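Each chain, letter by letter, is given below.
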Amino acid sequence: MIREWIRNWMIGTFISFGVEMLAFVLLPQELAPDLNQITVLQTFVICMVCAMAAILPFSVMEHRLHAFLVSALLLLGSLFGVGVILFELIPFEGSVLLSVALCCILIYSLCYLILLRKDEQDAKAINQRLLKRRQMRMEQKQEEA
């Protein structure tokens, strides 16, 4: 359980960080900060905190839709809390906050879909292993009989 949570946290962190760095390069200068070591480090910390906030509800809530909504709210809250208040990396302006929120929702959806696909692949692999084990046991029982 903890291993899967850490894996998902790392996947979410690195996907969001990669997309953020790409956005900083492609967005107009008034929407993206100047890239320097401090900005990159602050962005990485923000991505780590946001990924943690986004994944946490899925660990404690059983209903996926409720977890998704709570996760999105925690993500936006942590993004603006850390990015605007703590690091002052995100300017407190309406257009900037709106564009950041939209980018955040896009990144969040991308990470969510990738993790959902990974979970489906893992479940399929586990089911195939269980099916092979069951077939082997059935063959062993037939040989013994």
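Residues numbered from 1 in each chain as written. Predicted model: local features only at pLDDT ≥ 70, side-chain atom pairs only at ≥ 80, totals over all residues. Heavy atoms only, no water.

1. Here's the deal with a nonpolar patch on the surface
Then, in step 1: On the surface, a nonpolar cluster with roughly 400 Å² of combined accessible area is contributed by Leu56, Val60, Met61, Val70 and Leu74.
Then, in step 2: Among the elements of the structure, helix H2 (37-60) and helix H3 (64-86) are those that each provide at least two residues to the nonpolar patch.
Then, in step 3: Along the chain, Met61 turns up in the loop between H2 and H3. (Patch = residues over 30% accessible without salt bridge, like charges linked within 9 Å, V, L, I, M, F, W, Y side chains within 5 Å. Areas by Shrake-Rupley, 256 points an atom, 1.4 Å probe, with all protein chains shown as cover. Salt bridge = Lys/Arg side-chain N within 4 Å of Asp/Glu carboxyl O. Helix = DSSP H or I, 4+ residues; strand = E, 2+ residues; numbered from the N terminus.)

2. What about the packing of aromatic side chains?
Then, in step 1: All chains considered together, the criterion is met by seven aromatic pairs.
Then, in step 2: Relative to Phe44, the ring of Phe17 has its centre 5.3 Å away and its plane inclined at 90°; by these criteria the two rings are edge-to-face. In this pair, Phe17 is assigned in helix H1 (residues 2-26) and Phe44 in helix H2, connecting sequence segments 27 residues apart.
Then, in step 3: Relative to Tyr108, the ring of Phe68 has its centre 5.2 Å away and its plane inclined at 45°; by these criteria the two rings are tilted. Here Tyr108 lies in helix H4 (residues 94-144) and Phe68 lies in helix H3, a separation of 40 residues in the sequence.
Then, in step 4: We classify Phe68 as partly exposed; its relative accessible area is 25%.
Then, in step 5: Every member of this aromatic cluster is reached through a ring pair, and the members are Phe58, Phe68, Tyr108 and Tyr112. (Phe/Tyr/Trp six-rings, centres within 6.5 Å; stacked < 30°, edge-to-face > 60°. Buried < 20%, exposed > 50% of the residue type's maximum accessible area, 1.4 Å probe, protein only.)

Everything listed is a geometric property; what it means functionally is a separate question.
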